[in-house]
Amino acid sequence: MQPLAYFAVRSLLGWLQFVERGERAFMSTALLLVATGAAHCWAVVYALFIAIHTRAMRYDGYHEGYTEHLPFWVAWTETLAVAAMGIWWAAGFTTAAIRIIDDDAGGLPMEGRDVDVNFLVKLMRSPKLHDGLALAHTLSCVGLFLSILLLCIAMALMKGQVTACELCLCFVSVGFALPHAVVACRKLRFQGPKKEDNPEVPAAAAEAAAQEAAALGPQLCVILALADSPGHAYMWQNFAYLVSAVSFVAAVAACGRSPPKVGDAALPPELGEFVTCLTLDAVASIALVICFPHLNTWHLWALFALLLAMFVAVWFEGWRDLFVDLLDPLFVVRSDTDKALPGKQRQHLRRGSWVATMFCAAVAMWDIMLHPVQEGLFEAPDDLAAEDGLPDLWDQNTMLLLRWRDGVSAPGERELLDGVAEALEVEADGVASQAFLPEHRMLLFKIAGKEDASRVPAHLRWKAAMIAPKGKLGQVADTNFPSTLNVTLCLHAHATVELGKHKAEEAKAAKAKAEAEAEGGDAASVSAADGGAGSALPEPELPAEFMQIVGPAPGAKDAYLHACDWWTTTLDAYYWHGDGESTEDHDLEKLAEEMMHENHHDGEHVPTLEEVAEEAGHAEEGDDLA
């Protein structure tokens, strides 16, 4: 929804400028270019993220781990972009609030109270505060520029074939970002209260190039990123995309070489530029909604209705004056037409860019509308949960627990499943048994089939149902027993049990050896004699979190350990004995990743790869928990 709001604001301001083109125009300063450039850079970053994720999904299909094909810096580049936009929003809202509250700051003092002001007004008028806000805008623009470069490098180094749209997108992105980066860096360098006295002010060439790049660059980047969504393109389409990208960069370079106006003159855009910008805004918005159907909600239609109402309001002078007053510091009386500089070659390149980009938008829209987007490219398939082949090992909805209280007549397995189905509000065949352990008064069951994604997950509904069970389970269910099996806790318990056995056996062997040496006999005979006397290994102490989760109820520990025994047996059968071969390193890595993502609950320790490998060795020996 954010990119759609961006295009809506762009189009509304462009419409206001067109209606007021005879009287007013937006001012053109380095600070304003930097402040608005950050918003434009964000739109370009958004387009690059679309292209990068599309490449990764097209290369290996949409699955839970498709992001493994992304370079490692893509994740923190996203963080950098979000942080830069956060700084931009904070600085922008602060600047707007200051101008709204202290609207007389730019005027001459008329009374004594205009000079003797309170602390808050002094703070709002402080040059240091305004310099700090300008610095924040500059830093946000620089951060987004770095994000653009890093994402372009990531796209070049990713697996898979580079398409013509991706090549054009990188070309346009760099052509857009470079002039903005020059303006921002020079602004950062010459920041100060007397910057107007400095002869090395930001070059007019960089400002002119940045203005031309901001006019069409963000919309063109989004359109090129979405043009890849149908999954194919004819040769003539690729040629149209390439011509539009080259013409755009050529027009930017021409404006930098020969600026279209004098300095900071406030002149409205030409009619051709206005029509091109408004058309690209509309095409980019429609393409986003088509490629991402989840954006098509009542919020979108409400935004569209509001936008139409504001377009109509701008047409009437009375309502338009409200917008003009609100934008008064930025929307100033236009300069004379003699401030426009001649440049025949520059104008030819600009007009060529307008025609090429509009043709590119028409081609992309034709391809997106007449050729359906690859099914499932931008959304997870319905059977995603079952594609890994391990639903009974890692999905919490397949490891649900029910233990009935001591003293009640032992219910049957079918009776318990019927009660579970009633509690979860599913059909009787919607639940299936995983393990029925009457000696421990416990049933381990799962949800059969796929549930409606709009419902609350079954394991959460089951946990809520066990707080105060009703119906068939109300008289039998043990509400103090865990409602789901925590596989991380099982691995911890397994490791603790095995370690305790190992230490106990070592201590027993050392004791036998010491007694044999004292008696002058054989250590083996002494050990055998102790075993024959009925000596037993001490019961190992389980982790503290195990007792906190399972509880101190009689038999609860043994019941939970038997459920863990079922899980480790299933794990052992899948990972280590399914094909008669030992586990490969990548299997252990996948196991560790699953445990970190699916079972990191309440700050519990997540096993490392080495710990998982150690667990694999224990399971391969066929040791038992209970």
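Residues numbered from 1 in each chain as written. Predicted model: local features only at pLDDT ≥ 70, side-chain atom pairs only at ≥ 80, totals over all residues. Heavy atoms only, no water.

A.B. asks: Go over the packing of aromatic side chains with me, naming the residues and quoting the values.
C.D. replies: Applying the stated rule across the entire model yields 12 aromatic pairs. A ring pair is formed by Trp15 and Phe18, whose centres lie 5.9 Å apart and whose planes are at 25°; its orientation type is stacked. Of the two residues, Trp15 and Phe18 are both situated in helix H1 (residues 2–19); the distance of 3 residues between them amounts to about one turn of the helix. For the ring pair Trp15 and Phe311, a centre distance of 5.7 Å and an interplane angle of 20° mean the geometry is stacked. In this pair, Trp15 is assigned in helix H1 and Phe311 in helix H10 (residues 298–315), connecting sequence segments 296 residues apart. The cationic tip of Arg403 hangs over the ring face of Phe481; the distance from NZ or CZ to the ring centre is 5.6 Å. (Phe/Tyr/Trp six-rings, centres within 6.5 Å; stacked < 30°, edge-to-face > 60°. Helix = DSSP H or I, 4+ residues; strand = E, 2+ residues; numbered from the N terminus. Lys NZ or Arg CZ within 6 Å of the ring centre and 35° of its normal.)

A.B. asks: Account for the confidence of the model for the protein chain, with residues named and values stated.
C.D. replies: Keep in mind that low pLDDT regions are not for reading the predicted coordinates in detail. Taken as a whole, the protein chain shows an average pLDDT of 76; of its residues, 76% reach a score of 70 or greater. Within the protein chain, no element has a lower average pLDDT than helix H21 (residues 609–620), which sits at 44, and none a higher one than helix H8 (residues 235–257), at 92. Ignoring residues within four places in sequence, the model shows residues 192–202, a span with pLDDT below 50, making 14 contacts including any to other chains. Low pLDDT, under 50, characterises residues 595–610; the stretch is placed with 33 contacts to residues that sit more than four places away or in other chains. (pLDDT = per-residue confidence, 0-100. Contact = heavy atoms within 4.5 Å.)

A.B. asks: Which residues make up the side chain of Ser483, and what values do they have?
C.D. replies: The topology assignment puts Ser483 in the loop between helix H15 (458–467) and helix H16 (487–519). Residue Ser483 is classed as buried on the basis of its relative accessible area, which comes to 12%. The contact partners of Ser483, leaving out residues within four places of it in the chain, are Met399, Leu400, Leu401, Trp462, Lys463 and Met466. (Buried < 20%, exposed > 50% of the residue type's maximum accessible area, 1.4 Å probe, protein only.)

A.B. asks: Please provide a residue-by-residue account of the pairing of strand E4 (residues 431–437), values included.
C.D. replies: Examined bridge by bridge, E4 and strand E5 (residues 442–447) share 6 bridges and lie antiparallel to one another. Pairing of Val431 across the sheet is with Ile447, part of E5. Hairpin connection, E4 to E5: the antiparallel pair is bridged by 4 residues, and Arg441 has positive phi, about 55°. (Pairing = 2+ DSSP bridges.)

A.B. asks: Describe in detail helix H11 (residues 317–326), supporting the description with residues and values.
C.D. replies: Along H11, the positions that sit buried rather than exposed are Arg320, Phe323 and Val324. The buried side chains of H11 occupy one side of the element, clustering within an arc of 100° when seen end-on. Away from its buried face by more than 90 degrees, H11 exposes Gly318, Trp319, Leu322, Asp325 and Leu326. Where H11 is buried, its residues contact H1, strand E1 (24–26), H10 and strand E2 (331–333). (Arc of directions from axis to C-beta.)

A.B. asks: For the sheet that holds E5, give the residues involved together with the corresponding values.
C.D. replies: The strand order across the open sheet formed by 3 strands is E3-E5-E4, and the pairing between neighbours is antiparallel. Edge strands, defined here as strands with exactly one partner in the open sheet, are strand E3 (400–403) and E4. Across the sheet, the mean angle from the axis of one strand to that of its neighbour is 25°, orientation sign disregarded. Sheet analysis places E3 next to E5, joined by 4 bridges and oriented antiparallel. Bridge pairing links Leu400 to Phe445 in E5. Lying on the sheet, H15 is in contact with E3 and E5; it crosses E3 at an angle near 20°. (Axes fitted to C-alpha atoms, helices over the stretch in contact; angles between N-to-C directions.)

A.B. asks: Give a detailed account of the state of the cysteines, specifying residues and quantitative values.
C.D. replies: What the rule picks out here adds up to 1 disulfide. The disulfide bridge from Cys490 ends at Cys564, spanning 2.1 Å between sulfur atoms. A torsion of -70° about the S-S bond marks the disulfide between Cys490 and Cys564 as left-handed. You can see Cys490 sitting in helix H16 and its partner Cys564 sitting in helix H19 (residues 556–575), a full 74 residues away along the chain. For the pair Cys490 and Cys564, one class covers both residues: buried. Between Cys168, a cysteine without a disulfide, and Cys165, which holds the nearest cysteine sulfur, the sulfur-to-sulfur distance is 6.6 Å. With relative accessibility at 2%, the residue Cys168 sits in the buried group. (Disulfide = S-S within 2.5 Å.)

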